[in-house]
Amino acid sequence: MDFEAIKALAQGELRAVDIEIETRLLSDVALINQMGSYIVHSGGKRLRPILVLLGSRAFGYEGSAHIRLAAIIEFIHTATLLHDDVVDASELRRGHTTANTIWGNEASVLVGDFLYSRAFEMMVEVGSMRVMEILAHTTNTIAKGEVMQLLNCHDPDTSEEHYLEVIRNKTAKLFQAAAQLSAVISNQNQEIEQAMALYGMHLGTAFQLIDDVLDYGRDNRDLGKNIGDDLAEGKPTLPLIHTLRQGTSHQRNLIRIAIEEGGLAQLDEVMNAIESTGSITYTARRAEDEASRAMAALANIPDSPYKQALLDLAHFSAHRNY
């Protein structure tokens, strides 16, 4: 089952999520409507909402709260994108000009805040303290991960373990919450809830590791961003960390300077070093390991087309090329 087939399995409910998003984006402040709609409809995969939908159906859930939860997850994700693009001074995302480039940093931060607060309004409506607890902890963890990433920038001594901790907090945590919430609203026991949380965490980690691979392996026509964006921002992602560990003294010095100074002046040399040390292969293999752990976490989930789609999503996260 490829990604489009997975998405098709949830297509009807994804349309309901889109309606919920469009309804909840409405504001008497025109700029909020414009920016929110621009970001939400700019070509994202909707992976996180899909996790809520497929997980809920895998447990036989028959209510409607999963639609609202999927929209909440997407609002939180969109808010983080708005804030991230300001912090990173990004000009391109998913092949589109970023909101901060069009409307300015101030508007992007404030509309991101609006989306966060709207998401919490919607959480209250779900009427579950457990849902509130998970999502409050999730947003706090994401914020912590964003600060950790900021501190890592331009630091060539960042370890692989610390880097993985950052992406589990910053990126994988929302995947974890999406999967876990599907078990919560379906009244599953603690063991199943934790299994879904593990699944989401490992899937999200695999997803981010492949983003790291694509940053050095695809141009902006395929990926929707400029090649070497992470390097330009001085981010020590796993391909660079591995090259620092395995490269020659010249390569290590090259990577250290590239991370410390940022920019793309030595991009070709950096990419040659990454390739010659097998760092892309290493990072991709780590992503495959994470995807395998995600699939293993579903061992006690009843078989169904929805469980199979969750398994296929884990495989997709580690083998995608966009």
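Residues numbered from 1 in each chain as written. Predicted model: local features only at pLDDT ≥ 70, side-chain atom pairs only at ≥ 80, totals over all residues. Heavy atoms only, no water.

1. Topic: the overall build of the protein
At step 1: Each helix and strand in the protein was counted, giving 17 helices and two strands.
At step 2: Taking 2.2 N^0.38 as the reference for a compact globule, 322 residues should give roughly 20 Å; the C-alpha atoms of the protein span a radius of gyration of 19 Å, in line with that estimate.
At step 3: With respect to the principal axes defined by its C-alpha atoms, the protein has extents near 60 × 45 × 30 Å.
At step 4: When burial is assessed residue by residue, the protein has 57% of its 322 residues classed as buried.
At step 5: Look at the contacts in the protein between residues 6 or more apart in sequence, and 76% of them connect residues 24 or more apart.
At step 6: Working note: accessible area of the protein is about 13500 Å², and carbon and sulfur atoms make up 50% of it. (Helix = DSSP H or I, 4+ residues; strand = E, 2+ residues; numbered from the N terminus. Rg over C-alpha atoms; globule rule 2.2 N^0.38 Å. Buried < 20%, exposed > 50% of the residue type's maximum accessible area, 1.4 Å probe, protein only. Contact = heavy atoms within 4.5 Å. Areas by Shrake-Rupley, 256 points an atom, 1.4 Å probe, with all protein chains shown as cover.)

2. Some thoughts on the layout of surface pockets
At step 1: The computed volume of the second largest pocket comes to approximately 180 Å³.
At step 2: Considering the residues around the second largest pocket, the lining is formed by His83, Asp84, Val87, Asp88, Glu146, Val147, Gln149, Leu150, Cys153, Lys170, Glu233 and Lys235.
At step 3: Those elements that place two or more of their residues in the lining of the second largest pocket are helix H5 (65-88) and helix H8 (129-152).
At step 4: Of the residues contributing to the lining of the second largest pocket, the split by class is four nonpolar, two polar and six charged. (1 Å grid on protein atoms, 1.4 Å probe; cavity = no way out; pocket = protein on both sides within 12 Å on 5 of 7 lines; lining within 4 Å. Points joined across faces, edges and corners; volume = space filled by probe spheres on them. Nonpolar A, V, L, I, M, F, W, Y, C, P; charged D, E, K, R; others polar.)

3. Looking at empty space enclosed by the protein
At step 1: A full pass over the atoms with the stated rule returns one cavity of 30 Å³ or more.
At step 2: Put simply, the largest cavity is a space of about 40 Å³.
At step 3: Taken together, Tyr38, Ile39, Ser42, Asp85, Arg93, His96, Thr97 and Thr98 make up the lining of the largest cavity.
At step 4: Taken together, the elements giving at least two residues each to the lining of the largest cavity come down to helix H3 (30-40) and strand E2 (96-97).

4. A closer look at unusual backbone geometry
At step 1: Although it is not a glycine, histidine 154 sits at a positive phi angle of roughly 65°.
At step 2: Relative to the helices and strands, histidine 154 resides in the loop between H8 and helix H9 (160-185).
At step 3: Look at histidine 154 and you get partly exposed, because its relative accessible area is 36%.
At step 4: The phi torsion at asparagine 187 lies on the positive side, around 60°, for a residue other than glycine.
At step 5: Judged by its relative accessible area of 70%, asparagine 187 falls in the exposed class.

5. Some words on the packing of aromatic side chains
When we look at a pair of aromatic rings, we describe it by the centre distance and by the angle of the planes.
At step 1: Taken as a whole and judged by the stated rule, the model has four aromatic pairs.
At step 2: Ring plane angle 80° and centroid distance 5.4 Å describe the contact between tyrosine 38 and tryptophan 103, whose orientation is recorded as edge-to-face. In this pair, tyrosine 38 sits in helix H3 while tryptophan 103 sits in helix H6 (residues 99-103), placing the two residues 65 residues apart along the sequence.
At step 3: Residue classification places tyrosine 38 among the partly exposed residues on the basis of a relative accessible area of 25%.
At step 4: A relative accessible area of 27% places tryptophan 103 in the partly exposed class.
At step 5: Pairwise contacts between aromatic rings join Phe3, Phe316 and Tyr322 into one cluster.
At step 6: Over the ring of phenylalanine 207 we find arginine 48; its NZ or CZ atom is 5.8 Å from the centre of that ring.
At step 7: It is arginine 320 that lies over the ring of phenylalanine 207; its NZ or CZ is 3.7 Å from the centre. (Phe/Tyr/Trp six-rings, centres within 6.5 Å; stacked < 30°, edge-to-face > 60°. Lys NZ or Arg CZ within 6 Å of the ring centre and 35° of its normal.)

6. Thoughts on helix H16 (residues 279-297)
At step 1: With 19 residues, H16 should cover 27 Å at 1.5 Å per step; its first-to-last C-alpha distance of 27 Å lies within 8% of that length.
At step 2: Buried within H16 we find Ser279, Tyr282, Thr283, Arg286, Ala287, Glu290, Ala291, Ala294 and Ala297.
At step 3: Buried residues along H16 sit in contact with H9, helix H10 (190-215), helix H13 (238-246), helix H15 (267-276) and helix H17 (305-319). (Expected span 1.5 Å × (residues − 1).)

7. Examining the nonpolar core
At step 1: Formed by 67 residues in total, the largest nonpolar core has its most connected members in Ile76, Leu135, Tyr199 and Leu313.
At step 2: Here this core takes ten residues from H5, the largest share from any one element.
At step 3: Leave out the neighbours within four places in its chain, and leucine 135 touches Leu69, Ile72, Ile73, Ile76, Phe120, Met123, Ala177 and Leu181.
At step 4: Leu164, Ile167, Ile210 and Leu214 belong to the second-largest nonpolar core, a separate cluster that totals 14 residues. (Core = buried A, V, L, I, M, F, W, Y, C linked by side-chain atoms within 4.5 Å.)

8. Notes on H5
At step 1: Its 24 residues give H5 an end-to-end C-alpha distance of 34 Å, which sits within 8% of 34 Å, the value for a rise of 1.5 Å per residue.
At step 2: Taking burial as the measure, the 24 residues of H5 include 21 buried ones, the bulk of the element.

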